[in-house]
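# Chains, contacts and geometry: an overview
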Amino acid sequence: MKIAIIGTGNLGQSIAKGLVTNQELTSLYLTKRNLTELKEFEHYKNVVLTQDNSEAVQHTDVLIFAVQPAHLEGVLKKIQSVLTKKHIIISTITGVSVADIERMVGEDKCIVRAMPNTAIAVGKSMTCMCSNALGKQRIDIAESIFNKLGHTLEIPEAQMQAATVICASGIAFWMRLIRATTQGAIQLGFDAKEAQQLAMYTSEGAASLLIQNKQHPEQEIDRVTTPKGCTIEGLNEMEHKGLSSSLIQGIVASFHKINTIKKEQL
Ligand SMILES: NC(=O)C1=CN([C@@H]2O[C@H](COP(=O)(O)OP(=O)(O)OC[C@H]3O[C@@H](n4cnc5c(N)ncnc54)[C@H](O)[C@@H]3O)[C@@H](O)[C@H]2O)C=CC1
Ligand SMILES: O=C(O)[C@@H]1CCC=N1
């Protein structure tokens, strides 16, 4: 597999970390305007760092674009002459549709829109994908890359913005929940390091229960809430203060914002 990441910033570096540790690569090209931040990758076998996007495109088959929305069109224009039908174009860019990319590179190109999250760095991304007609024929190649770096789900393009909020922004939402639990644990007497350990591994355990038992969360909650016990007391207090409601409202606010991002940035 010959892969290029075009625009190796926050998300691009997370993808690169996942790739160098979880995939057998023939070559991985990482591009960025300033390469100093990519030093940690220069010692990996088969990894090439370059500022030259055309060089990366010419030496690879799968191109993962991870630049900011406003930069995509300019980047694509500059590599247009070296872009061929052999390339699979994977865009992780928020708010840029498959039709937008077709308009920039032509309908005769294989285009996949993928929305991973930064947990891809540790092989735990939930990545949603959709494609154009040509991309559909080769989406299995994109799936095989992202399945080694977590889980994938093919969805209609109309759901892509919602998937971005739940899965990509979702990492930040879950971090806040884990941080708040950590702060609670400190208030109850644990030191900061222990408190974070308790919060992290408990949240990992909760998700693992659902993944492995394939249950609804309420079924697992019923197992924990002893009648008149401390769990239901805490849970009801959290709900009186709007826990579920504030999460849902935050998700919906994030969704409203995401629908304006392309207009603001392009
Ligand atoms: N950060 C996240 O968790 C997620 C981000 N995204 C999307 O991925 C894209 C990238 O996001 P981030 O990584 O957070 O942004 P970022 O700003 O950290 O990374 C973009 C990188 O592109 C580089 N770049 C700009 N022009 C370039 C050029 N001509 N040639 C080569 N490199 C160039 C920049 O130097 C920068 O390092 C955005 O469109 C974002 O919406 C999608 C899912 C999750
Ligand atoms: O916050 C953002 O707009 C981008 C998209 C999802 C994650 N980061």
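Parameters and conventions
Residues numbered from 1 in each chain as written. Chains lettered and ligands numbered in written order. Predicted model: local features only at pLDDT ≥ 70, side-chain atom pairs only at ≥ 80, totals over all residues. Heavy atoms only, no water. Helix = DSSP H or I, 4+ residues; strand = E, 2+ residues; numbered from the N terminus. Contact = heavy atoms within 4.5 Å. Areas by Shrake-Rupley, 256 points an atom, 1.4 Å probe, with all protein chains shown as cover. Lys, Arg positive; Asp, Glu negative; His and termini not counted. Charge placed at Lys NZ, Arg CZ, Asp CG, Glu CD. UniProt positions renumbered as here; feature names shortened; annotations may be inferred. Core = buried A, V, L, I, M, F, W, Y, C linked by side-chain atoms within 4.5 Å. Buried < 20%, exposed > 50% of the residue type's maximum accessible area, 1.4 Å probe, protein only. Pairing = 2+ DSSP bridges. Axes fitted to C-alpha atoms, helices over the stretch in contact; angles between N-to-C directions. Near = heavy atom within 4 Å. Nonpolar A, V, L, I, M, F, W, Y, C, P; charged D, E, K, R; others polar. Polar contact = N/O pair within 3.5 Å; in protein donor to acceptor, adjacent residues only side chain to side chain. Domains from an automatic or database assignment. Buried area = accessible area lost by both parts, 1.4 Å probe.

Moving on, we come to the overall build of the protein chain. Helix and strand counts for the protein chain stand at ten helices and eight strands. Taken over the C-alpha atoms alone, the protein chain extends approximately 70 × 40 × 35 Å along its principal axes. A separation of at least 24 residues holds for 60% of the contacts in the protein chain among residues at least 6 apart in sequence. For the protein chain, the accessible surface area stands at approximately 15,200 Å², while carbon and sulfur atoms represent 56% of it. Across the protein chain, the mean location of the 27 positive side-chain charges is 4 Å away from that of the 26 negative side-chain charges.

What follows covers the UniProt feature "domain: Pyrroline-5-carboxylate reductase dimerisation" (unreviewed entry) in the protein chain. Within the UniProt annotation, "domain: Pyrroline-5-carboxylate reductase dimerisation" (unreviewed entry) is assigned to residues 157-258. Secondary structure across residues 157-258 comprises 83% helix and 0% strand; the distance between its end C-alpha atoms is 14 Å.

Note that soluble globular proteins tend to have their nonpolar side chains buried in a common cluster. If you look at the biggest cluster of nonpolar residues, it comprises 29 residues, and the most contacted ones within it are Phe65, Leu72, Leu76, Ile101 and Val105. Of all the secondary structure elements, the ones that give two or more residues to this core are strand S1 (2-6), helix H2 (53-58), strand S4 (62-65), helix H3 (69-79), helix H4 (98-105), strand S6 (110-115), strand S7 (125-131) and helix H6 (160-187). The contacts of valine 105, once residues within four sequence positions are left out, are Leu76, Gln80, Leu83, Ile89 and Ile111. Formed by 27 residues, the second largest nonpolar core is a distinct cluster that contains Leu11, Leu28, Val62 and Ile90.

Right, let's get into the sheet that holds strand S2 (residues 27-31). Within a sheet, adjacent strands bond to each other through the backbone by hydrogen bonds, running parallel or antiparallel. A sheet is described by the order of its strands in space; here eight strands give the open sequence S3-S2-S1-S4-S5-S6-S7-S8, paired in mixed fashion. Two strands in the sheet have a free side with no partner beyond their single neighbour: strand S3 (47-50) and strand S8 (150-154). Each neighbouring strand pair of the sheet contributes to a mean axis angle of 20°, computed without reference to strand direction. Sheet topology places strand S5 (residues 88-91) next to S6; four bridges connect them, and they run parallel. Bridging across to S6, isoleucine 89 finds its partner in isoleucine 111. The strands touched by H4 within the sheet are S5, S6 and S7, with S6 carrying the most contacts at an inclination of about 140°.

A few words now on the site of ligand 2. Around ligand 2, the neighbouring residues are Thr94, Thr164, Ala168, Ser169 and Ile261. In the complex, the protein chains occlude 48% of the 250 Å² of accessible area that ligand 2 would expose alone. Top contributing element to the shell around ligand 2 by residue count: H6, with three residues. Class assignment of the residues belonging to the shell around ligand 2 gives a composition of two nonpolar, three polar and no charged.

Right, let's talk about the site of ligand 1 for a bit. Of all residues adjacent to ligand 1, which total 22 residues, the nearest are Asn10, Leu11, Val67, Gln68 and Thr94. In this structure, lysine 32 approaches ligand 1 through a side-chain N or O atom, which is 3.1 Å from an oxygen atom. Note that an oxygen atom of ligand 1 is positioned 2.8 Å from one of the side-chain N or O atoms of glutamine 68. Protein chains shield 81% of the accessible area of ligand 1, which is 830 Å² for the free molecule. Of all the secondary structure elements, the ones that give two or more residues to the shell around ligand 1 are helix H1 (10-22) and H3.

By the assigned domains, the protein chain splits into domain 1 (2-155) and domain 2 (164-265). Once you take the C-alpha centre of each, domain 1 and domain 2 turn out to be 31 Å apart. The interface is formed by 14 residues belonging to domain 1 together with eight residues belonging to domain 2. Of the roughly 860 Å² buried between domain 1 and domain 2 on both sides combined, carbon and sulfur atoms contribute 66%. The largest contributions to the domain 1 side of the interface with domain 2 come from Thr94, Met115 and Asn117, which together make up 40% of the buried area. In this structure, the connection of domain 1 to domain 2 is made through one residue pair in polar contact (both at pLDDT 80 or more).

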